[in-house]
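Per-entry structural report
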Amino acid sequence: MGKRLTYALFATLALSFLVAACGTPAPATIARTPSRPFSIRGKGEMRPISPTRMADALASVGLDPKKLPPLEQLDKSQRLLVMETFNTALGVPCSGCHSDPDFRADTRRKRVAKRMWNDIVRGLAYDNGDLLYCDSCHNGALFTLDRRDKDKVAEFMSNEFVGRLKRTDGKDHDCGTCHGDPPEFAFLSDWRESPAPDVRLVKAPPPPVSTIATAINPPPIPTPPTPTPPTGGVKPPTKPPTAPVSSGPCGTKLNPCPLQRWMRSNIAPAITANDTQALARALDRVATFSPDGSWRWAEIAKTGAEFARQGDMSAARKSCKGCHEAYKPSWKANYRSRAVK
Ligand code: HEC
Ligand code: HEC
Ligand code: HEC
Ligand code: HEC
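This write-up is about the structure you can find in this document. (Residues numbered from 1 in each chain as written. Chains lettered and ligands numbered in written order. Predicted model: local features only at pLDDT ≥ 70, side-chain atom pairs only at ≥ 80, totals over all residues. Heavy atoms only, no water.)

Regarding the environment of tryptophan 295
Structurally, the position occupied by tryptophan 295 is in the loop between helix H11 (276-287) and helix H12 (297-309). On the accessibility criterion, tryptophan 295 (8% relative accessible area) is buried. Measuring from C-alpha to C-alpha, the distance between tryptophan 295 and alanine 326 comes to 9.2 Å, with 31 residues separating the pair along the chain. (Helix = DSSP H or I, 4+ residues; strand = E, 2+ residues; numbered from the N terminus. Buried < 20%, exposed > 50% of the residue type's maximum accessible area, 1.4 Å probe, protein only.)

A closer look at helix H10 (residues 258-272)
Along its 15 residues, H10 runs 21 Å from first to last C-alpha, staying within 8% of the 21 Å computed at 1.5 Å per residue. By the largest-angle criterion, arginine 264 marks the main kink of H10, which is about 30°. When H10 is considered as a whole, its buried residues turn out to be Leu259, Gln260, Trp262, Arg264, Ile267, Ala268, Pro269, Ala270 and Ile271. Of the surrounding elements, those touching the buried residues of H10 are helix H6 (150-162), helix H7 (175-179), H11, H12, helix H13 (313-316) and helix H14 (318-334). Where H10 terminates, the next one or two residues include asparagine 274, which has phi positive at roughly 55°. (Expected span 1.5 Å × (residues − 1). Bend = angle between axes of the 7 residues up to and from the residue. Contact = heavy atoms within 4.5 Å.)

A look at the coordination of the iron atom of ligand 2
Six octahedral donors around a metal ideally subtend angles of 90 or 180 degrees, whereas four tetrahedral donors ideally subtend 109.5 degrees. The iron atom of ligand 2 binds to the protein through Met116 (SD) and His138 (NE2), with metal-donor distances spanning 2.0 to 2.4 Å. Of note is the iron atom of ligand 2, whose 6 donor atoms meet at the metal with angles of 82 to 179° in an arrangement that counts as octahedral. With a gap of 22 residues between them, methionine 116 in helix H4 (residues 108-123) and histidine 138 in helix H5 (residues 134-138) connect regions that are remote in the sequence. (Donors = N, O, S within 2.8 Å, 3.2 Å for Na, K, Ca; no water. Tetrahedral: all angles 85-135°; square planar, octahedral: opposite > 155°, others 65-115°.)

Some details on the nonpolar core
If you look at soluble globular proteins, the nonpolar side chains tend to sit buried side by side. Counting 27 residues, the largest nonpolar core has Trp262, Ile267, Leu279, Val286, Phe289, Trp297 and Tyr327 as its most contacted members. Of all the secondary structure elements, the ones that give two or more residues to this core are H10, H11, H12, H13 and H14. Here the element with the most residues in this core is H11; it accounts for 7 residues. Setting aside chain neighbours within four positions, we find valine 286 in contact with Trp262, Met263, Ile267, Trp297 and Ala301. Counting 16 residues, the second largest nonpolar core, distinct from the first, contains Ala57, Leu68, Phe86 and Trp117. (Core = buried A, V, L, I, M, F, W, Y, C linked by side-chain atoms within 4.5 Å.)

Some points on the site of ligand 2
Near ligand 2 you find 21 residues, and of these Arg109, Met116, Cys134, Cys137 and His138 are the closest. Between ligand 2 and the protein, one listed contact pairs an oxygen atom with a backbone N or O atom of leucine 145 at 2.8 Å. If you list the elements that add at least two residues to the shell around ligand 2, you get helix H3 (76-90), H4, H5 and helix H8 (187-193). Broken down by element, the shell around ligand 2 gets its largest block of residues, 7 residues, from H4. Among the residues forming the shell around ligand 2, the class breakdown is 16 nonpolar, 2 polar and 3 charged. (Near = heavy atom within 4 Å. Polar contact = N/O pair within 3.5 Å; in protein donor to acceptor, adjacent residues only side chain to side chain. Nonpolar A, V, L, I, M, F, W, Y, C, P; charged D, E, K, R; others polar.)

As for the coordination of the iron atom of ligand 1
Here the iron atom of ligand 1 is held by the protein donor atoms Met83 (SD) and His98 (NE2), which lie 1.9 to 2.2 Å from it. Coordination geometry of the iron atom of ligand 1: the 6 donor atoms subtend angles of 83 to 178° at the metal centre, consistent with an arrangement described as octahedral. Within this pair, whereas methionine 83 is found in helix H3, its partner histidine 98 is found in the loop between H3 and H4, the two being separated by 15 residues in sequence.

Structural notes on unusual backbone geometry
Cis geometry marks the peptide bond from aspartate 100 to proline 101, where omega comes out at 5°. Residue aspartate 181 is joined to proline 182 through a cis peptide bond whose omega torsion reads 0°. If you trace the backbone, proline 182 turns up in the loop between H7 and H8. Located in the positive-phi region is asparagine 139, a residue other than glycine, with phi close to 50°. Within the secondary structure, asparagine 139 is located in the loop between H5 and H6. Even without being a glycine, asparagine 274 presents a positive backbone phi close to 55°. Mapping asparagine 274 onto the fold places it in the loop between H10 and H11. Judged by its relative accessible area of 54%, asparagine 274 is exposed.

Structure below.
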């Protein structure tokens, strides 16, 4: 409580200082969310996402959560109000992001916050038309994930972040929207490493480029397609599908296809728990899913499994890219509804 009071006092002081300095009127007040101000990293509550409670406040300075401009383009009064929404939505004082007293100074939190705005909030929307903003996911807490159980994190992301949201650029939305492909599960570390880029605004029609993915994903690190010296490179599959198995429609956001679901709940948790033995077992299983004997699928998976068994996570992870690049499109085109277990 003492801390919270200090924080409130600080925020008020900082705000009044700022207001005095810029001569702008105080922004509309923002209703406090049930505050859980000092959340602990890794022990968040993973609450379902919820429609923003800040739409009115944002509207008071002419901002519409469905059409937010890039963060760097806000005018002074908008920026001030937005900063206050950050305090409330994330349960942190101004100094939670800023290196007081220099608000211009670059900080790692500012880097992440800017990309959360420019890439996540601007790049995603609720399927059902509800309004998405920082508080939708953060709900008064900076740290929202309970990282102690990676299976639950993967399931939560599958249901909430993929299942209930869509991309504003109209492309298919899946784990790759935020994590890239092959997935980087700790992408916030990359975001912390360098200042967030400004949004490159394209004039005229909506850009055909994969805006959110290119903005979010770190530049690809060149890696060989497989961890072992390839015998002759991965050949793209040439044969047409022989016997695709069909079992009803899948691949919708609420009904992932069998392998997709399997990868989410077996591979993602093993990697994020840094459990090389679980990853080895999972990749051994993947090897048995090969739909076509002429594919190097099984070889790629087994090589990855072998590295994992030896405890070499980074070599094992090269198999992700090797297989996804070579075979994911054909699998999705021809074998997607195939059962795996
Ligand atoms: C969640 C993180 C976060 C919080 C909390 C936050 N800010 Fe910011 N602030 C940012 C980011 C990111 C920018 C950079 C925006 C940009 O790129 O234009 C910024 C920019 C600013 C700027 C403009 C600095 C410049 O470069 O000219 C001021 C002033 C500012 N914030 C004040 C505040 C005040 C006052 C508070 C508390 C009421 C606050 N901020 C809370 C993230 C935050
Ligand atoms: C779709 C959900 C979602 C939305 C919307 C969202 N965030 Fe996040 N944000 C997350 C998740 C998940 C994390 C990781 C939380 C954890 O580590 O427990 C995170 C982490 C952060 C962090 C980094 C905390 C740290 O230091 O590690 C900041 C800062 C942040 N978000 C700011 C924002 C701001 C500002 C907005 C609105 C412009 C926003 N977020 C909108 C999901 C979201
Ligand atoms: C809206 C963006 C978004 C989407 C979509 C998304 N995630 Fe995440 N995910 C995050 C953020 C943010 C983090 C925190 C990353 C960090 O700490 O660097 C995270 C972290 C994770 C973690 C790691 C937890 C840990 O402690 O290491 C797992 C596992 C995960 N996501 C699985 C998935 C899976 C599986 C999917 C697809 C079903 C998915 N995510 C979709 C935003 C997203
Ligand atoms: C031998 C082939 C193969 C290997 C190895 C492989 N994958 Fe996959 N993975 C696939 C295919 C094919 C899909 C697409 C399934 C679908 O969408 O129906 C997929 C899908 C996924 C998905 C679901 C993506 C989404 O957004 O729904 C995740 C997560 C994933 N893989 C992670 C990994 C990681 C991490 C590794 C490396 C440790 C890996 N995979 C290794 C073949 C492979």
